[in-house]
Amino acid sequence: MTSNSGMNPGTDVDWDAESVTFDDEPDHGLRDPLVREAWAARLRTWLPERAADILDLGCGTGSLSLLASEWGHRVTGVDRSPRMVDLARAKLAGRDAVFLIGDAAAPPVGEQRFDVLLCRHVLWALPDPERVLRNWRGLLRPGGRIVLVEGVWGTVSPVGMSAGRLTALLKPLVTDTAGIHVEPLSGDARLWGREVEDERYAVVATLK
């Protein structure tokens, strides 16, 4: 989860205030070694083996950015919350990483292009996700990869985006639908620090 969204974010969430306790959630701060190891194992399979330019949108306090940086990737993180960005900068101080304040839907990266766009628990909360995905495609180099961690949370009033809907949105942006890989995440309690019953997944796709 990142500070551009959350389980039930709404538009009135004060993410600067939320930053104080944001990393207390197991899958946010990755402070538990088992949770951190679980995310590291997944992320390694989603990112290129060679050093790459990674754009982490809705980066929050930079926990996933830190993992990517530790493996030699060059990271640019974007988040709408100045306080989240401050924490991410502190977390990755001295590393090959830059953090910018901005909207994940239209990140302020200028003409820079990336090998991978990484986004966790953000897309579902953005207006017009189909348009957002088209914009994001333009931020990637040819053959670039998009890694989206999403889900549908709650049972009474569920929020989020199903894997089926996200896959459908991605199909027009890929050369071959075989290049869209859906990886269920609900069954791995280590990722969340507890058992979960709702739909959580990652989609990895190579765009045109």
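Residues numbered from 1 in each chain as written. Predicted model: local features only at pLDDT ≥ 70, side-chain atom pairs only at ≥ 80, totals over all residues. Heavy atoms only, no water.

Bringing the overall build of the chain into the picture now. Each helix and strand counted, the chain has 7 helices and 8 strands in total. Relative to the 2.2 N^0.38 estimate, which gives 17 Å for 208 residues, the radius of gyration of the chain is 16 Å and therefore close to what a compact globule would have. Taking the principal axes of the C-alpha coordinates as reference, the chain spans close to 45 × 40 × 35 Å. Out of the 208 residues in the chain, the part that is buried amounts to 54%. Here the contacts in the chain between residues at least 6 apart in sequence split such that 66% fall between residues at least 24 apart. Summed over its atoms, the accessible surface of the chain is roughly 9400 Å², and 49% of this surface lies on carbon and sulfur atoms. If you average the places of the 24 positive and of the 30 negative side-chain charges in the chain, the two averages end up 6 Å apart. (Helix = DSSP H or I, 4+ residues; strand = E, 2+ residues; numbered from the N terminus. Rg over C-alpha atoms; globule rule 2.2 N^0.38 Å. Buried < 20%, exposed > 50% of the residue type's maximum accessible area, 1.4 Å probe, protein only. Contact = heavy atoms within 4.5 Å. Areas by Shrake-Rupley, 256 points an atom, 1.4 Å probe, with all protein chains shown as cover. Lys, Arg positive; Asp, Glu negative; His and termini not counted. Charge placed at Lys NZ, Arg CZ, Asp CG, Glu CD.)

Attention now moves to the pattern of salt bridges. Considering all chains together, one arrives at 14 salt bridges under this definition. For arginine 74, the salt bridge is made with aspartate 53, and the minimal N-O distance between the two is 2.6 Å. Within this pair, whereas arginine 74 is found in strand 2 (residues 74-79), its partner aspartate 53 is found in strand 1 (residues 53-57), the two being separated by 21 residues in sequence. Taking relative accessible area as the criterion, arginine 74 reaches 32% and is therefore assigned partly exposed. Note that aspartate 115 and arginine 141 form a salt bridge whose closest N and O atoms lie 3.0 Å from each other. Of the two residues, aspartate 115 is situated in strand 4 (residues 114-120) and arginine 141 in strand 5 (residues 140-153); the sequence distance between them amounts to 26 residues. You can call arginine 141 partly exposed: its relative accessible area is 32%. Connected via shared salt-bridge partners are Arg50, Asp53, Arg74, Asp115 and Arg141. (Salt bridge = Lys/Arg side-chain N within 4 Å of Asp/Glu carboxyl O.)

Our next topic: unusual backbone geometry. Phi is positive for leucine 30, close to 50 degrees, though the residue is something other than glycine. Tracing the backbone through its elements, the reader meets leucine 30 in the loop between helix 2 (26-29) and helix 3 (33-46). Using a relative accessible area of 5% as the deciding quantity, one classes leucine 30 as buried. At histidine 121, a residue that is not glycine, the phi angle is positive and equals roughly 60 degrees.

What helix 7 (residues 163-170) keeps buried is the set Ala163, Leu166, Thr167, Leu169 and Leu170. End-on view of helix 7: buried residues confined to an arc of 160 degrees, all on one side of the axis. (Arc of directions from axis to C-beta.)

The next thing to look at is the confidence of the model for the chain. Here the chain averages 93 in pLDDT, and 94% of its residues register 70 or above. Confidence drops under pLDDT 50 across residues 1-11; counting only partners more than four residues distant or on other chains, this segment forms 47 contacts. (pLDDT = per-residue confidence, 0-100.)

We now examine the pairing of strand 1. Most of strand 1 sits out of view: 5 of its 5 residues are buried. Of the two faces of strand 1, the one carrying Asp53, Leu55 and Leu57 and the one carrying Ile54 and Asp56 are both buried. Of the pairings in the sheet, the one linking strand 1 to strand 2 comprises 5 bridges and is parallel in character. Residue pairing across strands places leucine 55 opposite threonine 76, the latter belonging to strand 2. Handedness of the crossover is the feature at issue here: the chain leaves strand 1, passes through helix 4 (residues 63-70), returns alongside strand 2, and the resulting connection is right-handed. Inspection of the sheet shows strand 1 paired to strand 4 by 4 bridges, in the parallel sense. Opposite isoleucine 54, over in strand 4, you have valine 116 as the bridge partner. (Pairing = 2+ DSSP bridges. Right-handed = clockwise from strand over helix to strand, strands pointing away.)

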